[in-house]
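Letter by letter, the chains look like this.
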Amino acid sequence: MRRPSLEVADIFHRHGAAWRAAHAGHLSLGQLKVMSAIETCRTAALGGHVEACEDCGYRRVAFNSCRDRHCPKCQSAAAREGLAARQTDLLPIGYFHVVFTLPAEIADIAYQNKAVIYDLLFRAASETMLTIAADPRHLGARIGITAVLHSWGSAMTHHPHVHMIVPGGGIALDGERWLSCRPGFLLPVRVLSRLFRRLFLDKLTEAHAASRLKFFGDHIGLSERGAFAQFLAPLKKKNWFVYAKPPFAGPEAVLAYLSRYTHRVAISNSRLIALTEAGVTFRVKDYRRNGEERYRTMTLDPGEFIRRFLLHVLPKGFHRIRHYGLLASAHAKQDIARARELLAAPQPKVECGGSNSADAAAPTDWRPPCPCCGGRMIIIETFERRGDARAPPSGSSTRGARAL
């Protein structure tokens, strides 16, 4: 795979040390760890191995990945693995894409309370979908949900929202039928919006009463119960954003979407254009515009770019991909099998470790093929962190030494 001409790591390498020094004492341990991981990803600092082609003998050096979930270089492999795990869960029906977004006022305090408020966002959004779907006035069924948290907008500002992938129907509450939604229509967004608003504000008020929220800077006064109630009052009348996109064009489109969105980070390396004296230039999408005007570029001071990127570092152990309803992990296999039975759809073939299948016995080879002949690359040597690979054996080519 061709390396992008500019990466987030390059920006950190050039400006990260000075930025850390200027903000010493104001960065969390998690943010510092993310910067360090991205800076060392696929470098000799993490060790690596030497690969050789089985056919022509071409050799190259490949350095280890940091495997940090915030690293733009590490998420493509993680997305492929997650995609394979969810592929057998797809049903042969239409799927919908639903987005729940927190208003800007809540986003301001969410940054100071990521673990609590992001969790409330998941809980309120999923409860809203499951409740309205189970209502006989709407669908009257148990549905399945895959939800993914994104905390950024296109310009990397703090914009918490949850993307949901939802099958276009569910199992009837009596468990005896599959109920499909109307063509092109899942659930009424106005009803979803109002219930989401009420559930989230109720849960947020409970969290405040239990002293689970912390406030700093301009928001420190919200620690007092009366001030917090006054802060929430206008939000009870404001329209909250819930958006249901048109259904996907089949399971393949769902998989393509999941591969792009489930492991996305604040900005991908492919969106970066240049790092100059003027700053960091990258591509952005303005959703308020249509056509070609929607796509433009933005230039930020390197320090501001780093600050915005680190806004989206998640709390340690926080799960940003969650499954609900029919897809909840506790009983997903049984529910999906039942859904297939009701849809008269064939059950997917399950390959187990003890199978005689060659595909089951052989793990997927993630290494790119030999660039010279297309042959299979195998590992012939490994080296530890901050170690150097020994010189390739005589007669080998060194022009392939690079980080993958």
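Everything here concerns the structure above.
Here we summarise the structure given alongside this text. (Residues numbered from 1 in each chain as written. Predicted model: local features only at pLDDT ≥ 70, side-chain atom pairs only at ≥ 80, totals over all residues. Heavy atoms only, no water.)

Thoughts on the packing of helix H2 (residues 29-40) against helix H9 (residues 302-310)
Moving on, step 1. Direction vectors running N to C along H2 and H9 enclose 115°, while the axes themselves pass 10 Å from each other. Classified by the angle between their axes, H2 and H9 sit roughly perpendicular to one another. Here the hand of the crossing between H2 and H9 comes out right-handed. Side by side, H2 and H9 meet where Gln 31, Val 34, Met 35 and Ile 38 of the first sit next to Ile 306, Phe 309 and Leu 310 of the second.
Moving on, step 2. Grouping the constituent residues of the contact of H2 with H9 by class yields 6 nonpolar, 1 polar and no charged. (Axes fitted to C-alpha atoms, helices over the stretch in contact; angles between N-to-C directions. Helix = DSSP H or I, 4+ residues; strand = E, 2+ residues; numbered from the N terminus. Parallel < 35°, antiparallel > 145°, perpendicular 65-115°, else oblique. Left-handed = near helix turned anticlockwise from the far one by under 90°. Contact = heavy atoms within 4.5 Å. Nonpolar A, V, L, I, M, F, W, Y, C, P; charged D, E, K, R; others polar.)

Quick notes on empty space enclosed by the protein
Where empty space is left becomes clear once a probe the size of a water molecule has been rolled over the atoms.
Moving on, step 1. This model, assessed by the stated rule, comprises 1 cavity of 30 Å³ or more.
Moving on, step 2. Space inside the largest cavity adds up to approximately 150 Å³.
Moving on, step 3. The wall of the largest cavity is formed by 16 residues, among which Asp 89, Leu 90, Tyr 95, Thr 146 and Leu 327 lie closest to the centre.
Moving on, step 4. Only strand E5 (144-152), strand E6 (158-167), helix H8 (251-261) and helix H10 (332-342) provide two or more residues apiece to the lining of the largest cavity.
Moving on, step 5. Its residues placed into classes, the lining of the largest cavity shows 12 nonpolar, 2 polar and 2 charged. (1 Å grid on protein atoms, 1.4 Å probe; cavity = no way out; pocket = protein on both sides within 12 Å on 5 of 7 lines; lining within 4 Å. Points joined across faces, edges and corners; volume = space filled by probe spheres on them.)

Observations concerning the nonpolar core
Moving on, step 1. Among the nonpolar cores identified, the biggest contains 51 residues, and Ile 106, Ile 117, Met 129, Met 164, Phe 196, Phe 200 and Leu 204 are the most heavily contacted of them.
Moving on, step 2. Where this core is concerned, the elements lending two or more residues are strand E3 (95-101), helix H4 (104-110), helix H5 (114-134), E5, E6, helix H6 (189-209) and helix H7 (225-232).
Moving on, step 3. At 11 residues, H5 tops the list of elements feeding residues into this core.
Moving on, step 4. Those residues in contact with Met 164 that sit more than four places away from it in its chain are Phe 96, His 97, Val 98, Phe 100, Ala 125, Ser 126, Met 129, Ile 145, Thr 146 and Ala 147.
Moving on, step 5. One finds Ala 155, Ala 266, Phe 282 and Met 298 within the second-largest nonpolar core, a separate group that totals 30 residues. (Core = buried A, V, L, I, M, F, W, Y, C linked by side-chain atoms within 4.5 Å. Buried < 20%, exposed > 50% of the residue type's maximum accessible area, 1.4 Å probe, protein only.)

Any link to function would need more than the numbers given here.
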